[in-house]
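# Structure at a glance
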Amino acid sequence: MTTASVWEETRTFFPLFLSQIEKRQARSACVVGASDGKFVLPLARRGIHVFAIERNQTAVDGGPITLPGPTDTVMPGLRRLSEFIGSMIRLCRPRGGILGAEYMMPVEPRHFTIEHYPGEGNLRSHLPGWSIDWETYTPAFVEAPHVEQLTEHVHRMGLIIATRP
Ligand SMILES: C[S@@+](CC[C@H](N)C(=O)[O-])C[C@H]1O[C@@H](n2cnc3c(N)ncnc32)[C@H](O)[C@@H]1O
């Protein structure tokens, strides 16, 4: 039996979020898009009560998946960004709840016309009145192949960590 996540090799800002919620001594956390638990387990091992939300049954239960190789893939669709952020806000505790989101930023020309690739500073406009603890962006970088994106590809990622007033 292996415990390595299928997302093991992909870049993440998660350690920054983890240190922020340790500093605030959060007792519960919700991971949206938990997949096979790469973020869930480090939280649970610290005694934090974790709610994991994942729509892919195979990611949760295990089973056959397509690992990186020369095949085509289908990316999941998203609802409107404001709706998605609104759902995440509703999961946060009313006062002092912390929201951490890492997200893809536009790189290819077609991305710049798609709402769910937010540009710099865009996400904070969805969080009026929140205190912004961290907001940062990577330059474009080459991401390793992973499930759902089976060849090397260029990504740019953003991070926002914010505290609810
Ligand atoms: C890029 S993976 C990230 C997995 C993990 N958080 C990590 O970085 O190691 C995104 C995950 O979010 C899930 N996902 C996408 N949209 C979702 C939604 N609307 N509700 C729940 N899960 C979703 C996908 O099935 C996928 O497992």
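Not measured: the values here are computed from a predicted model. (Residues numbered from 1 in each chain as written. Predicted model: local features only at pLDDT ≥ 70, side-chain atom pairs only at ≥ 80, totals over all residues.)

In this section: the confidence of the model for the protein chain. Residues with a pLDDT of 70 or more make up 90% of the protein chain, whose mean pLDDT is 87. Note that residues 70-77 has pLDDT below 50 and, in this model, 6 contacts with residues that lie over four places away or in other chains. (pLDDT = per-residue confidence, 0-100. Contact = placed C-beta atoms within 7 Å.)

With that settled, consider the nonpolar core. Counting 8 residues, the largest nonpolar core consists of F13, F17, I98, L99, L123, I160, I161 and A162. Looking at this core, the elements that each hand over two or more residues are strand 3 (98-104) and strand 7 (157-163). By residue number, the principal contributor to this core is strand 7, which donates 3 residues. When near neighbours in sequence (up to four residues on either side) are disregarded, A162 contacts L99, L127, W130, S131, I132 and D133. (Core = buried A, V, L, I, M, F, W, Y, C linked by C-beta atoms within 7 Å. Buried ≥ 20, exposed ≤ 12 C-beta atoms within 10 Å, placed from the backbone. Helix = DSSP H or I, 4+ residues; strand = E, 2+ residues; numbered from the N terminus.)

To summarise the sheet geometry, strands pair through backbone hydrogen bonds and adopt either a parallel or an antiparallel arrangement. Taken together, 3 strands build an open sheet; the order of strands is 3-7-4 and the sheet is antiparallel. What marks the edges here is a single partner per strand, and that holds for strand 3 and strand 4 (131-137). Going from strand to strand, the sheet's axes swing by 10° on average, the running direction of each strand aside. On the sheet, helix 1 (residues 14-23) packs against strand 3, strand 4 and strand 7 and is oriented at approximately 10° with respect to strand 7. (Pairing = 2+ DSSP bridges. Axes fitted to C-alpha atoms, helices over the stretch in contact; angles between N-to-C directions.)

It is worth spelling out the pairing of strand 2 (residues 49-53) at this point. Summarising the sheet, strand 1 (residues 28-32) and strand 2 pair through 5 bridges and their orientation is parallel. Residue pairing across strands places A29 opposite V50, the latter belonging to strand 2. Remark: the strand 1/helix 2 (residues 40-45)/strand 2 crossover connection has right-handed handedness. (Right-handed = clockwise from strand over helix to strand, strands pointing away.)

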